[in-house]
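# Summary of structural features
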Amino acid sequence: MTDKIHKDPAAAPAGSDPAGSTPYEAIKAVPVRHYGRWVSAVVVVVLLGWLVYAFSQGNVIWDTVWDKVFDPSIISGLWNTILISVASMALGLVLGVLFAVMRLSKNPVTGAVAWLYIWFFRGTPVYVQLLVWFNLSLIFQYIDLGPIYKNETVDVMTPFMVALLGLGLNEGAYMAEIVRAGIQSVDEGQTEAAHALGMSQTKTMGRIVLPQAMRVIVPPTGNEFINMLKTSSLVSAVQYTELLRASSNIGSTAGAVMEMLFVASIWYLALTSVFSVGQYYLERRFSRGSTRNLPPTPWQRVKANLTTFKRSAVSG
């Protein structure tokens, strides 16, 4: 019979610590203090407060600003700004897709024409382009399209038409590069597979390539549209009564130039904020195929935070 050996903790060698005999101390995590962040935050807040105080003490009649925000002339100019921005962006998007496809074409003529268009309209200021279209009658007295259409250039080039051509053609050059980058982001195997199934080049582009390229095209397109809302203020130089021109007209007649500039700024900020939210949801929609779990929307984040707060209050 073999004797059973019982281990006595007291007989353990010196320096050894049997399991469970001595409790471990809880680790005290001391957060690193970032004094620089607090200093920079205080400096920013002080500068912001100083800026607000300076404007509050300036020679600005703020009651005039709030009274003129919803003036009928301002609202009319606001709708004209939205109209010319949407129309110009639509024209630019159509031209961008067209010239991007031409630029990627194997036809050297169409590729060269697309490159020349992009080179010219990206290389000249949009303000200069607007003035050229506005003074087009100095070059062509008549617009003659043969049996289709003929009229005097002055009658054709209305302020709206000048603004549309000036902004739309300029935007088309930028959109062409954005669309080209989106098309090139799609793997070439997609095109080869579509051709192997017997799809034509047009169907492949419209049904296979462009839908996948939208994930890359949409974010910069949204930025371009928001930029278009602000660039549309340049068309006041060609007598188109948009938001800035409507504000300037009231400011010059009422002697409230600075106040009306603040009114225009308020509406520009409102427009860009609204369309930025729309851009966010549009990007989120087209990113469904690239990410498994979409990021929560701002409203979903607010609901999650409220739910967490309620649970903490109940548990407390």
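Residues numbered from 1 in each chain as written. Predicted model: local features only at pLDDT ≥ 70, side-chain atom pairs only at ≥ 80, totals over all residues. Heavy atoms only, no water.

### What about the overall build of the protein?
Assigned secondary structure in the protein consists of 12 helices and two strands. If you list the helices and strands of the protein from N to C, you get α-α-α-α-α-β-β-α-α-α-α-α-α-α. When the 316 residues of the protein are sorted by exposure, 30% land in the buried category. Nonlocal contacts in the protein, meaning residues at least 24 apart in sequence, comprise 72% of its contacts between residues at least 6 apart. Working note: accessible area of the protein is about 21,600 Å², and carbon and sulfur atoms make up 65% of it. (Helix = DSSP H or I, 4+ residues; strand = E, 2+ residues; numbered from the N terminus. Buried < 20%, exposed > 50% of the residue type's maximum accessible area, 1.4 Å probe, protein only. Contact = heavy atoms within 4.5 Å. Areas by Shrake-Rupley, 256 points an atom, 1.4 Å probe, with all protein chains shown as cover.)

### Looking at the packing of helix α5 (residues 126-134) against helix α7 (residues 159-184)
At their nearest, the axes of α5 and α7 sit 9 Å apart, and the two run at 140° to each other. As far as their axial angle goes, α7 and α5 are oblique. Between α5 and α7 lies a crossing whose hand is right-handed. Contacts between α5 and α7 pair Val126, Gln129, Leu130, Trp133 and Phe134 from the former with Val162, Ala163, Leu165, Gly166, Leu167, Leu169 and Asn170 from the latter. (Axes fitted to C-alpha atoms, helices over the stretch in contact; angles between N-to-C directions. Parallel < 35°, antiparallel > 145°, perpendicular 65-115°, else oblique. Left-handed = near helix turned anticlockwise from the far one by under 90°.)

### Section: the packing of aromatic side chains
The full count for this structure, using the stated rule, is nine aromatic pairs. An angle of 70° between the planes, with centres 4.9 Å apart, marks the rings of phenylalanine 225 and phenylalanine 275 as edge-to-face. One end of the pair, phenylalanine 225, is in helix α9 (residues 201-231); the other, phenylalanine 275, is in helix α11 (residues 257-286), with 50 residues separating them in the sequence. Its relative accessible area of 28% is what places phenylalanine 275 among the partly exposed residues. (Phe/Tyr/Trp six-rings, centres within 6.5 Å; stacked < 30°, edge-to-face > 60°.)

### A look at the pattern of salt bridges
This model, assessed by the stated rule, comprises four salt bridges. When the shortest N-O distance is used, the salt bridge between lysine 68 and aspartate 71 registers 3.9 Å. Residue classification places lysine 68 among the partly exposed positions, given a relative accessible area of 26%. Using a relative accessible area of 16% as the deciding quantity, one classes aspartate 71 as buried. Among the charged side chains, a salt-bridge network with shared partners connects Arg103, Arg122, Glu177 and Arg180. (Salt bridge = Lys/Arg side-chain N within 4 Å of Asp/Glu carboxyl O.)

### Some points on helix α4 (residues 108-123)
For α4, with 16 residues, the first-to-last C-alpha span of 22 Å sits near the 22 Å given by 1.5 Å per residue. Inspection of α4 places Gly111, Ala114, Tyr117, Ile118 and Phe121 among the buried residues, and these make up the whole buried set. Buried positions in α4, seen along its axis, are confined to an arc of 125° and lie on one side of it. Opposite the packed face of α4, turned more than 90 degrees from it, sit the exposed residues Pro108, Val109, Trp119 and Gly123. If you follow the buried residues of α4, they end up packed against α3 (72-104), α5 and α7. (Expected span 1.5 Å × (residues − 1). Arc of directions from axis to C-beta.)

### Some details on α7
Its 26 residues place the ends of α7 37 Å apart at the C-alpha level, agreeing with the 38 Å of an ideal helix rising 1.5 Å per residue. Most of α7 sits out of view: 20 of its 26 residues are buried.

### Description of unusual backbone geometry
Even without a glycine there, the phi angle at glutamine 239 is positive, about 70°. Assignment of secondary structure puts glutamine 239 in the loop between α9 and α10 (243-254).

### Notes on the nonpolar core
In this structure, Ile74, Leu78, Val179, Ile183, Leu243, Val263 and Trp267 are the most contacted members of the largest nonpolar core, which totals 29 residues. Of all the secondary-structure elements, those providing two or more residues to this core are α3, α7, α9, α10 and α11. If we ignore the near neighbours within four places in the chain, the residues touching valine 263 are Val65, Lys68, Val69 and Ile74. Judged by nonpolar contacts, the second largest core, of 25 residues, contains Ile84, Ala114, Phe121 and Leu167. (Core = buried A, V, L, I, M, F, W, Y, C linked by side-chain atoms within 4.5 Å.)

### A few points about the UniProt feature "transmembrane region" (unreviewed entry) in the protein
Here, UniProt's "transmembrane region" (unreviewed entry) annotation points to residues 38-56, 76-101, 113-134 and 261-282. Helix makes up 100% of residues 76-101 and strand 0%, with an end-to-end C-alpha separation of 38 Å. Between the first and last C-alpha atoms of residues 113-134 the distance is 25 Å; the span itself is 91% helix and 0% strand. (UniProt positions renumbered as here; feature names shortened; annotations may be inferred.)

### Some points on a nonpolar patch on the surface
A surface patch of nonpolar side chains, amounting to about 540 Å² of accessible area, comprises Leu48, Trp50, Leu51, Val52 and Phe55. By the element assignment, phenylalanine 55 lies in helix α1 (residues 35-56). Of the residues examined, phenylalanine 55 reaches a relative accessible area of 42% and is grouped as partly exposed. (Patch = residues over 30% accessible without salt bridge, like charges linked within 9 Å, V, L, I, M, F, W, Y side chains within 5 Å.)

### Describing the packing of α3 against α9
The contact between α3 and α9 brings their axes to 11 Å, and the two run at 140°. You can see that α3 and α9 cross each other, and the crossing is right-handed. Each of Thr81, Ser85, Val86, Ser88, Met89, Val97 and Val101 in α3 lies in contact with α9, whose residues at this interface are Met205, Leu210, Thr221, Glu224, Phe225, Met228 and Leu229. In the contact of α3 with α9, the residues fall into nine nonpolar, four polar and one charged. (Nonpolar A, V, L, I, M, F, W, Y, C, P; charged D, E, K, R; others polar.)

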